[in-house]
Amino acid sequence: MTHTRTRLDRGRNALGPALELVHTGRAPTRAVLTTELGVTRATAGAVAGELQTLGLITVDSRPSAAPGSQGRPSHRLAIADNGPVALAAQVHADGFRAALVGLGGRIVATAPGCMTVDADPAQVLGEVVAAAAALLRDSGRRCIGAGLAVPSAVAEPDGTALNPLHLAWPAGAPVREIFTTCLAEAGVTAPGFCGNDVNLAALAEHRHGAGQGAQHLLCVATGHRGVGGALVLDGRLHTGSAGLALEVGHLTVDPQGRPCHCGSRGCLDVETDPLALLEAAGRTPDPAGSLLDQAHHLLRADYATDPAARAATDTVIDRLGLGLAGLVNILNPDRIILGGLHRRLLEADPDRLRAVVEERSLWGRSGSVPILPCTLDHNSLVGAAELAWQPVLDDPLAALAA
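Overview of the structure. Predicted model, so just to flag it, every value in this text is computed and none were measured. (Residues numbered from 1 in each chain as written. Predicted model: local features only at pLDDT ≥ 70, side-chain atom pairs only at ≥ 80, totals over all residues. Heavy atoms only, no water.)

We now examine the overall build of the chain. Counting its regular elements, the chain contains 16 helices and 14 strands. Here the C-alpha radius of gyration of the chain, 23 Å, is about what a compact globule of 402 residues would show, namely 21 Å. If you line up the chain on its principal axes, its C-alpha atoms span 75 × 50 × 40 Å. Each of the 402 residues in the chain was classed as buried or not, and the buried ones make up 52%. When contacts within the chain are restricted to residue pairs at least 6 apart in sequence, long-range pairs at least 24 apart make up 64% of them. (Helix = DSSP H or I, 4+ residues; strand = E, 2+ residues; numbered from the N terminus. Rg over C-alpha atoms; globule rule 2.2 N^0.38 Å. Buried < 20%, exposed > 50% of the residue type's maximum accessible area, 1.4 Å probe, protein only. Contact = heavy atoms within 4.5 Å.)

Following this line, the structure appears as structure tokens:
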């Protein structure tokens, strides 16, 4: 017992790194954990045992051996099925969605709420928190924190939404403060965090999806309205000095193009979002429906057979390619991932988009940058949960005690 306690004390500083390895799928066994942490097998075993005691992971000490394998298989490590969860919320131009997200980026439960987003942030945040709190009560799980994704740059350290262009919210709305108040009013005693929706999507994809293993990951996405971008460097979001970096939506791709909410013309924000595709195809958007869903339907149902739909898609792909080429020249990423409608555009004609980027970017000519679709459903929600999980990943004992 004394030796076990000594090993655990020695490995206590490794609890956070060990949990992150399991959380991101990089340590499926105790043997891999031992190697990744650079500790003895006994210390790795003590660390894994402590994480299991905390209810975060499970340790299978007698896993089945793979056919044809030799020797005793290493203990298998997995996320605990009934462990704690983070409360996650996302607000977008067509409504909101709430979810509970466990370790490993696993969505445990989710509840959509399509509505006209109120001009008062407190109104819509109160509704999405109430929906999430109901999920939490039904689950019976412990909540370790809450994260909110919003379609706006979020200034730090104040947590204010500086430019919610596609919502009727006032500029500078103190969304983190409002979110925290709503959590308390709903009886959720957990810390609240908030961030830009595309930043959080990129973080989730880097840890659990198409961005895994990238050192300089660029994410560009369009959801219900507008375009956002994010950069993950060596596993950390690059948010700039005040949380406002990578406003890629206001990169000009057509100087004579559509007027943008920012006051300029031809921005990526208004030239490659769902409304731009629908208008280019000569479609009148249904005001009662989701613009993103309508754009997806056009690509799915009409792209192959309707010349107008194909021409519109080609035009929007070319504009997106111009924007990506400029970002490649500036940022030199080792991988690009595309989300929302941009993911569907890539899937519609991957060769066309990649050709535009290669032709218009200096680095594209000498070495092609991989361009991949995002792979996670509701990646902004998963990313919002990552904000809430981060204190636990940093120091499991202190965060769970708090």
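Anyway, onward from the coordinates.
Attention shifts here to the side chain of N196. Summarising the element assignment, N196 is placed in strand 9 (residues 192-196). Residues within four places of N196 in sequence aside, it is in contact with V150, P151, S152, A153 and V154.

On to the nonpolar core, then. Judged by nonpolar contacts, the single largest core of 36 residues is most densely connected at V220, L277, L324, I336 and L338. Among the secondary structure elements, those contributing two or more residues to this core are strand 10 (216-222), helix 9 (274-280), helix 10 (291-301), helix 11 (307-331), strand 13 (335-340), helix 12 (341-348) and helix 13 (350-360). Here this core gets eight residues from one element, more than from any other, and that element is helix 11. Sequence-distant contacts of I336, defined by excluding residues within four places in its chain, comprise L218, L324, V328, V369, P370, I371 and L372. (Core = buried A, V, L, I, M, F, W, Y, C linked by side-chain atoms within 4.5 Å.)

What follows concerns the side chain of T29. Tracing the backbone shows T29 in the loop between helix 2 (15-23) and helix 3 (30-37). Overall, T29 belongs to the buried group, its relative accessible area being 11%. Here the side chain of T29 touches V32 through a polar contact of 3.2 Å, landing on its backbone nitrogen. Sequence-distant contacts of T29, that is, excluding residues within four places in its chain, are made with S74, H75, R76 and L77. (Polar contact = N/O pair within 3.5 Å; in protein donor to acceptor, adjacent residues only side chain to side chain.)

The next point concerns helix 3. Listed as buried for helix 3 are R30, L33, T34 and L37. Angularly, the buried residues of helix 3 cover 100 degrees about the axis, an arc narrow enough to put them on a single face. Buried residues along helix 3 sit in contact with helix 2, helix 4 (41-53) and strand 2 (76-79). G38 occupies a position one or two residues after helix 3 and carries a positive phi of about 70 degrees. (Arc of directions from axis to C-beta.)

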